[in-house]
Amino acid sequence: DTLTVGNLVSTGSILGIQQASTSTFASNASNTNWANTGLSITYNKQNTNSAVMIFVSQSYRVQSDCALSVRLRRGSTNIFTGDYEITEFNDIGADLSQRWSLSYLDNTTTGGNITYSTQFKKTLPSTPAGRLVAAQGNAQTSTIQVIEIL
């Protein structure tokens, strides 16, 4: 066990938990530029030796013949990217509204305030013009939780 600032902290301890959510619509018609989804959280990491477990439940909407990729960022650093994760093919005029979920253990040695966020883009260059992908489509809510573990 380690005595830290008057608190008994043992390995496997949870040092903090925080959650954020958004239901603000964000769209992206680009297959080259990443766009912010509007989902982010800033957490004050208490111990540089701890890890941060991140849980993302990202809602999205994909129009027909589109594919969507989502990535997780720590500040300006990409820490996880899922390519061609979400698709809706051959159903002209249809929209697909679903969730993209991720659990990620971040072993960064950074301390203090850390911002985690998600970004997205279309991932099929052959998608017909005008088709878009959206985060929080149809007023859905996306959430992100962080748990600091020693």
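Everything quoted here is computed from the prediction, not taken from an experiment. (Residues numbered from 1 in each chain as written. Predicted model: local features only at pLDDT ≥ 70, side-chain atom pairs only at ≥ 80, totals over all residues. Heavy atoms only, no water.)

A. Highlighting the packing of aromatic side chains. A complete count under the given rule lists 2 aromatic pairs for this structure. Summarising the aromatic geometry, the rings of F80 and W100 are spaced 6.3 Å apart at their centres and angled 40 degrees between planes, so their arrangement reads as tilted. Of the two residues, F80 is situated in strand 8 (residues 77–88) and W100 in strand 9 (residues 95–106); the sequence distance between them amounts to 20 residues. Arranged with centres 6.4 Å apart and planes meeting at 55 degrees, the rings of F80 and Y104 form a pair that is tilted. Highlighted residues: F80 in strand 8 and Y104 in strand 9, separated in sequence by 24 residues. Using a relative accessible area of 22% as the deciding quantity, one classes Y104 as partly exposed. Taken together, the ring pairs connect F80, W100 and Y104 into an aromatic cluster. (Phe/Tyr/Trp six-rings, centres within 6.5 Å; stacked < 30°, edge-to-face > 60°. Helix = DSSP H or I, 4+ residues; strand = E, 2+ residues; numbered from the N terminus. Buried < 20%, exposed > 50% of the residue type's maximum accessible area, 1.4 Å probe, protein only.)

B. A look at the environment of I79. Structurally, I79 can be placed in strand 8. Distance in space between the C-alpha atoms of I79 and D106 is 8.2 Å, their sequence separation being 27 residues. Sequence-distant contacts of I79, that is, excluding residues within four places in its chain, are made with I54, L72, R73, R74, Y104, D106 and Y116. (Contact = heavy atoms within 4.5 Å.)

C. Seen up close, the pattern of salt bridges. Taken as a whole and assessed by the stated rule, the structure comprises 1 salt bridge. The residue D106 makes a salt bridge to R74 at a minimum N-O spacing of 2.7 Å. Taken together, the positions of D106 in strand 9 and R74 in strand 7 (residues 66–74) put the pair 32 residues apart, joining distant regions of the chain. (Salt bridge = Lys/Arg side-chain N within 4 Å of Asp/Glu carboxyl O.)

D. The nonpolar core, seen in detail. If you look at the biggest cluster of nonpolar residues, it comprises 25 residues, and the most contacted ones within it are I54, V56, L72, Y116, F120 and I144. For this core, the secondary structure elements donating two or more residues are strand 5 (35–45), strand 6 (51–63), strand 7, strand 9, strand 10 (112–122), strand 11 (133–135) and strand 12 (142–149). With 5 residues, strand 6 is the single largest residue contributor to this core. (Core = buried A, V, L, I, M, F, W, Y, C linked by side-chain atoms within 4.5 Å.)

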